[in-house]
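So you can see what is in the structure, the chains are spelled out below.
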Amino acid sequence: MAKFFIIALTVMLVMQGFVSWHVWRVLPFSTPVKLIVLVLMLLALACMVLQFKSDSLPLGMATAMYEIGNSWLIIMFYLLMAFLVLDIGRLVHLVPATWLRGNAITSLVLTGLMLVTFIAGNIHYHNKQRQEINLTTDKHLERPLKIVMLSDLHAGFHNRRAEVGRWVNMINAEKADLILIAGDMIDGNVRPLLAQGTAEELQRLNAPTIACLGNHEYITGIDKALNLLEQTGIRILRDKSISVGDVTIIGRDDRSNRSRKSIAQLMRGVTRGDYIILLDHQPFNLAEAEQNGVDLQLSGHTHRGQVWPLNWVTKKMYECDYGQWRRGKTDYYVSSGMGIWGGKFRIGTDSEYAVITVTPNK
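Below is a short write-up of the structure. Please read these numbers as outputs of a predicted model, since none were measured by experiment.

Comments concerning the pattern of salt bridges
Item 1. By the definition in use, this model includes 17 salt bridges.
Item 2. The partner of R326 in a salt bridge is D331, and the shortest N-O contact between them spans 2.8 Å.
Item 3. Given a relative accessible area of 47%, R326 falls into the partly exposed group.
Item 4. Through salt bridges with shared partners, a single network forms among R130, E132, K146 and E174.

Shown next as structure tokens:
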């Protein structure tokens, strides 16, 4: 964990240095004004790095550090891409060198592009998408089964109680038979959830609600996460299964637990004639569900990259990084997530929940 932190900090410092140097060169201001801008950028980075030590700070200050620091990380990434494009343009003689030195027009254009991109990204994040999926099965069901599936709520400093309450209202309006959550309900700290009483909102879910754990429950601290989730009334399955009528739901523990059971082990004792749904937060090794006779696997984790062009990266990383998929007789749905990690921006991706109807073949 310490090694990962050092690598991540090094990458952020390199990004900050690159962006800071270019901002210094392009701004058409005096040295004192440029210094103020660079100090503000450095403070934003400090919020990103120091937020993990913010438990001793007032809740409002800790929340501000989270919002500023994580938003800056994404903004800095986009500034990095913009300056790289300009540098490449300069090298191939498409961009005059004067555009990158004390240029008011370049500064205004870049500022305008960043404002439009991130304001639009924030608005799009709050506009939750409803994905409707219709499946059929040869297995016996008394009637069509309506499931609301969601993942990656990341409730915490940025997805606060009022927002989670709005999501609950949207889900309840579906009048589902089952609500299934594919992990990462907690962002990484139970403190804001306890302070805001967020568990009370999740208690309002109006259908049987079953969830598996995600990697962020482990980042939070598994005992703290489980104690908080117990207050929500949501049934948490950790390498266990539960039957609801003709449906069996298996909740697989997250990959963070290296001792978790295989799908083959989890299928022991499961009634094969039931419609079998697997909740597995991270969509790795999809063939394993197919080989073991799972009818439907539901996953999240990828966020579909969250912001462009990171969706290109997740597409290469996973056999299915988003959406509906099928292998043999097994259906899959990988959600891009209801909530979000870090800055509240969706650029080229959606925040969503899925409404899945499983109809028996006659």
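Some thoughts on the packing of helix 2 (residues 31-50) against helix 3 (residues 59-91)
Relative orientation and spacing of two packed helices are given, respectively, by the angle between their axes and the distance between those axes.
Item 1. Where helix 2 meets helix 3, the axes come as close as 7 Å, and the angle between the chain directions of the two elements is 115°. As judged from the angle between their axes, helix 2 and helix 3 are roughly perpendicular. In this structure, the crossing between helix 2 and helix 3 has a hand that is left-handed. On helix 3, the residues that touch M41, A44, L45, C47, M48 and L50 of helix 2 are M65, I68, G69, N70, W72, L73 and M76.
Item 2. The residue makeup of the contact of helix 2 with helix 3, split by class, is 11 nonpolar, 2 polar and no charged.

Re the sheet that holds strand 7 (residues 247-251)
Backbone-to-backbone hydrogen bonds pair the strands of a sheet. The strands run either parallel or antiparallel.
Item 1. An order of 6-7-8-9-11-10 is seen for the 6 strands of this open sheet, with the pairing classed as mixed. Both edges of this open sheet fall to strand 6 (240-244) and strand 10 (323-327), since each of them pairs with a single strand only. Direction aside, the axes of adjacent strands within the sheet are offset by 20° on average.
Item 2. Pairing between strand 8 (residues 275-279) and strand 9 (residues 296-299): 3 bridges, direction parallel. Paired with L279 across the strands is L298, a residue of strand 9.

What counts and what doesn't
- Counting restarts for each chain: residues are numbered from 1 in the order of the written sequence.
- The model is predicted, so local features are restricted to residues of pLDDT at least 70 and side-chain atom pairs to those at 80 or more, both for listing and for counting; the totals for chains, interfaces and linings are taken over all residues.
- In computing side-chain properties, one takes all heavy atoms of the structure into account and sets aside hydrogens as well as water.
- Just to be clear on terms, a salt bridge is a Lys or Arg side-chain nitrogen sitting within 4 Å of an Asp or Glu carboxyl oxygen.
- Exposure classes here rest on a 1.4 Å probe applied to the protein chains alone. A residue is buried below 20% of its type maximum, exposed above 50%, and partly exposed in between.
- To get an axis, a line is fitted to the C-alpha atoms, and for a helix only the part in contact is used. The angle between two axes follows their N-to-C directions and goes from 0 to 180 degrees.
- Counting from the N terminus, the helices are the DSSP runs of H or I reaching at least four residues and the strands are the DSSP runs of E reaching at least two.
- Note that the term roughly parallel is reserved for angles under 35 degrees, roughly antiparallel for angles over 145, roughly perpendicular for angles of 65 to 115, and oblique for everything else.
- Crossing handedness follows the turn of the near helix against the far one: under a right angle anticlockwise gives a left-handed crossing, and clockwise gives a right-handed one.
- Residue contacts are counted whenever heavy atoms from the two residues lie within 4.5 Å of one another.
- Residue type decides the class: Asp, Glu, Lys and Arg count as charged, Ala, Val, Leu, Ile, Met, Phe, Trp, Tyr, Cys and Pro as nonpolar, and the leftover types, Gly among them, as polar.
- At least two bridges found by DSSP between two strands are what make those strands a pair.

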